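Secondary and tertiary structure notes
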Amino acid sequence: MALVSKAGSSYCIRSDITRGRTGQNVAFGVVNNVEAPIMKEKSIKISSLSCKNARVAQFFPLETVGFRSKGRNSVIVAASPPTEDALIAIEPLTKQDLVGYLASGCKSKEKWRIGTEHEKFGFEIKTLRPMKYEQIAELLNGISERFDWEKVMEGDKIIGLKQGKQSISLEPGGQFELSGAPLETLHQTCAEVNSHLYQVKAVAEEMGIGFLGIGFQPKLGLKDIPVMPKGRYEIMRNYMPKVGSLGLDMMFRTCTVQVNLDFSSEADMIRKFRAGLALQPIATALFANSPFTEGKPNGYLSMRSQIWTDTDKDRTGMLPFVFDDSFGFEQYVDYALDVPMYFVYRKKKYIDCTGMTFRDFMAGKLPCIPGELPNLNDWENHLTTIFPEVRLKRYLEMRGADGGPWRRLCALPAFWVGLLYDEVSLQSILDMTADWTSEEREMLRNKQVPKTGLKTPFRDGLLWHIAEDVLKLAKDGLERRGFKESGFLNEVAEVVRTGVTPAEKLLELYNGKWGQSVDPVFEELLY
């Protein structure tokens, strides 16, 4: 079932493919000696994209569309979220199939897009208590009915919404997340954020519900946070205390904003991955916004970032192997194969497979589903349970920032787009960070930045001074893009100009006019 060849040091899939919408009338088309089920209606030809002078076919997320090898009794299922039962691969996946899945993300530059995700805390305005699931269900139903979103159900429970390429989902403690569509410009990204917040507030305000933009629940303890009725979260909740002391805090009391960005080739992915990892502590400092725990200062500027240092070391961190000369898609696959699994999704249910690895799964050695072999849906699901500071799927996710108010939701993608989507800025970052050691990167991430932010000592100065240079590169990169997007950096430009992080501003208010109460933060950072 290996559809993947290796061209030089880069893996790619050779072929054009035909894409069809899901439906009941299925025909078969032959693609480079591969027989693929396609839909009779509204099917369109998609040319393959280049990846280091080879050709790469994308795996499209069509729930039931797969590739069937001609003359062989096997199926590769196109990857999709766990909303439908997957077709089962009769012939085992190979490691090259998994590598090919990642390589299928290669896109030519004109097809690069920006995907922004952000989480926020919903709370009762009168009591400051978090939303219960029943209130969340009412909110989701209200948004669906008023603004024409499709409901996402788990059993008889509504757990999310979909509209086009956008989705709304629930995190374990009821954090409300928008996963935005892949968009071309930051103007579109900010318009999407504004539209989402308008819709949510239109329904929530009638219910007496507000939303807070902060990185960590500032007032309540774990016992006060409602649990969402999602099967995967029950598995995680039981597993987390076995592998770290702060995993449940991560699940139930943190909020983040992240941006997802494309790459053109394996080499481009490697460069962006390295630049993103090296600079993630700077993003953490610039967006640090979680200084309170259970009503008091917690000693950190980014408690959210600190929590990830003791959540589950098997699946978090700065991934030093990304800086090895041998790094590429295959090395990331090797890493992911040995990250312990959480679950397998079968017959609309999550099956607990904690402690076993995907490598075990590929050998048919999972006690939870003995003898069964994985498909690409399983691989995609597994990749979503790995949480390093930068995560590779068919795109790269920048994961180091605290949640915050709406202006910062536009500023984070602006920061990373200016650095990673402009060749001059990207090369400048790689040159700047080329001699940073693994120990220095770990020190910034784990020991210093969550506590001291931009005032973290680094070499013969402060991280603040590096942030000044980095911000200029981001601004220059945006200006070279030609979309007049640099204004979206104004929110972080003020942080760099003063050296004062958002968290430090909150602490100043707490010790000043708030009279050492965190309650006013719910108004200060209200969406």
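A quick note: this is a predicted structure, and the numbers were derived from the prediction, not measured. (Residues numbered from 1 in each chain as written. Predicted model: local features only at pLDDT ≥ 70, side-chain atom pairs only at ≥ 80, totals over all residues. Heavy atoms only, no water.)

So, about helix H11 (residues 406-420). Note on helix geometry: an α-helix contains 3.6 residues per turn, so any two residues three or four positions apart are oriented the same way. Along its 15 residues, H11 runs 22 Å from first to last C-alpha, staying within 8% of the 21 Å computed at 1.5 Å per residue. For H11, the tally of buried residues reaches 13 of 15 residues, placing the bulk of the element in the interior. (Helix = DSSP H or I, 4+ residues; strand = E, 2+ residues; numbered from the N terminus. Expected span 1.5 Å × (residues − 1). Buried < 20%, exposed > 50% of the residue type's maximum accessible area, 1.4 Å probe, protein only.)

Counting 112 residues, the largest nonpolar core has Phe-176, Phe-273, Tyr-332, Trp-379, Phe-415, Trp-416 and Leu-419 as its most contacted members. Residues within four places of Tyr-332 in sequence aside, it is in contact with Leu-102, Phe-273, Leu-319, Phe-321, Phe-327, Leu-383, Ile-386, Pro-388, Arg-391 and Leu-392. Core analysis: the second largest hydrophobic core is formed by 21 residues, Tyr-233, Tyr-300, Met-303 and Phe-343 among them. (Core = buried A, V, L, I, M, F, W, Y, C linked by side-chain atoms within 4.5 Å. Contact = heavy atoms within 4.5 Å.)

A few words on the packing of helix H6 (residues 266-286) against helix H13 (residues 438-452). One way to put it is that H6 packs onto H13 with a least axis distance of 8 Å and a crossing angle of 20°. Here H6 lies roughly parallel to H13, going by the angle between them. The two elements H6 and H13 meet at a crossing, and its hand is left-handed. Together, Ala-278, Pro-281, Thr-284 and Ala-285 of H6 and Arg-441, Leu-444, Arg-445 and Val-449 of H13 make up the contact between the two elements. In terms of residue class, the contact of H6 with H13 is built from five nonpolar, one polar and two charged. (Axes fitted to C-alpha atoms, helices over the stretch in contact; angles between N-to-C directions. Parallel < 35°, antiparallel > 145°, perpendicular 65-115°, else oblique. Left-handed = near helix turned anticlockwise from the far one by under 90°. Nonpolar A, V, L, I, M, F, W, Y, C, P; charged D, E, K, R; others polar.)

Take the packing of helix H1 (residues 95-103) against helix H10 (residues 376-383) next. Running from N to C, H1 and H10 cross one another at 65°; their axes reach a closest spacing of 11 Å. Both H1 and H10 take part in a crossing whose hand is right-handed. Of H10, the residues touching H1 (which contributes Asp-97, Leu-98, Tyr-101 and Leu-102) are Leu-376, Trp-379, Glu-380 and Leu-383. Residue composition of the contact of H1 with H10, grouped by class: six nonpolar, no polar and two charged.

Here we come to empty space enclosed by the protein. Tallied over the full model, the rule gives five cavities of 30 Å³ or more. Within this model, the largest cavity holds a volume of roughly 100 Å³. Take the lining of the largest cavity: its biggest share by element is three residues, from strand S11 (residues 114-124). (1 Å grid on protein atoms, 1.4 Å probe; cavity = no way out; pocket = protein on both sides within 12 Å on 5 of 7 lines; lining within 4 Å. Points joined across faces, edges and corners; volume = space filled by probe spheres on them.)

What follows covers the packing of aromatic side chains. This structure, assessed with the given rule, holds 20 aromatic pairs. Aromatic side chains Phe-273 and Phe-327 sit 5.6 Å apart centroid to centroid with 85° between the ring planes, which places their arrangement in the edge-to-face category. Of this pair, Phe-273 sits in helix H6 while Phe-327 sits in the loop between strand S20 (316-317) and helix H8 (329-337), placing them 54 residues apart in sequence. Consider the rings of Phe-273 and Tyr-332, whose centres lie 6.0 Å apart with planes at 50°: the pair is tilted. Of the two residues, Phe-273 sits in helix H6 while Tyr-332 sits in helix H8, which places them 59 residues apart along the sequence. (Phe/Tyr/Trp six-rings, centres within 6.5 Å; stacked < 30°, edge-to-face > 60°.)

Our next topic: the pairing of strand S25 (residues 396-402). Taking burial as the measure, the seven residues of S25 include seven buried ones, the bulk of the element. Pairing of strand S17 (residues 256-261) with S25, which is carried by five bridges, proceeds in the antiparallel orientation. Of the residues in S25, the one forming a bridge with Leu-261 is Leu-396. The pairing of strand S24 (residues 390-392) with S25 spans three bridges and is classified as antiparallel. For Arg-391, the partnering residue across the bridge sits in S25 and is Glu-397. Following S24, the chain reverses through three residues before pairing antiparallel with S25. (Pairing = 2+ DSSP bridges.)

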